[in-house]
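# A closer look at the structure
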Amino acid sequence: MIAFELIPDALEKKGIELAMSQAKWETLEKNEKTELATIMLEYDGSISHREMMARSNQKYKNFLETVRTAREEMLTNKAEINWLETAFEWYRSSNANE
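Below, the structure is looked at part by part. (Residues numbered from 1 in each chain as written. Predicted model: local features only at pLDDT ≥ 70, side-chain atom pairs only at ≥ 80, totals over all residues. Heavy atoms only, no water.)

Turning our attention to the environment of Leu 36. Tracing the backbone shows Leu 36 in helix α2 (residues 32–40). For the pair Leu 36 and Pro 8, spaced 28 residues apart in sequence, the C-alpha separation works out to 42 Å. Setting aside residues no more than four positions away along its own chain, Leu 36 makes contact with Glu 51, Ala 54, Arg 55 and Tyr 60. (Helix = DSSP H or I, 4+ residues; strand = E, 2+ residues; numbered from the N terminus. Contact = heavy atoms within 4.5 Å.)

Spelled out as structure tokens, the structure:
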């Protein structure tokens, strides 16, 4: 377990990482339709045909994997912050009971 004295600095560092990873994920998520539309322009035919082709395109699949990875990173940072907060409270409670 992390030492009590190190928790505030770890929380600050992890909070910054969370902010950055959440901003990255939100930006990617907001651009999902734009990415799909850009790939659709590569195809001819009806809108539904172009959308179907774009959704099966490897570039779009790679984009979705990037979105998934960014969300995973953001959720991991949230979980680590929760763990640090729990550890801090555990130390605080243990010291209060002594």
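This next bit is on the packing of aromatic side chains. Applying the stated rule across the entire model yields three aromatic pairs. Here the aromatic cluster, defined as three or more aromatic residues joined through ring pairs, consists of Phe 4, Phe 88, Trp 90 and Tyr 91. (Phe/Tyr/Trp six-rings, centres within 6.5 Å; stacked < 30°, edge-to-face > 60°.)

In this section: the nonpolar core. Formed by Leu 18, Trp 25, Leu 28, Phe 63, Val 67, Ala 70, Met 74 and Ile 81, the largest nonpolar core amounts to eight residues. Sorting the residues of this core by element identifies α1 (7–30) and α4 (58–97) as the ones contributing at least two each. A per-element tally of this core places α4 first, with five residues. If near-sequence neighbours (up to four positions away) are discounted, Leu 28 is found in contact with Phe 63, Thr 66, Val 67 and Ala 70. (Core = buried A, V, L, I, M, F, W, Y, C linked by side-chain atoms within 4.5 Å. Buried < 20%, exposed > 50% of the residue type's maximum accessible area, 1.4 Å probe, protein only.)

Two numbers describe how α1 lies on α4: the axes approach to 8 Å, and their chain directions differ by 155°. The pairing of α1 with α4 is recorded here as roughly antiparallel in orientation. Crossing hand, α1 versus α4: left-handed. Of the residues belonging to the contact of α1 with α4, the class tally is 15 nonpolar, five polar and eight charged. (Axes fitted to C-alpha atoms, helices over the stretch in contact; angles between N-to-C directions. Parallel < 35°, antiparallel > 145°, perpendicular 65-115°, else oblique. Left-handed = near helix turned anticlockwise from the far one by under 90°. Nonpolar A, V, L, I, M, F, W, Y, C, P; charged D, E, K, R; others polar.)

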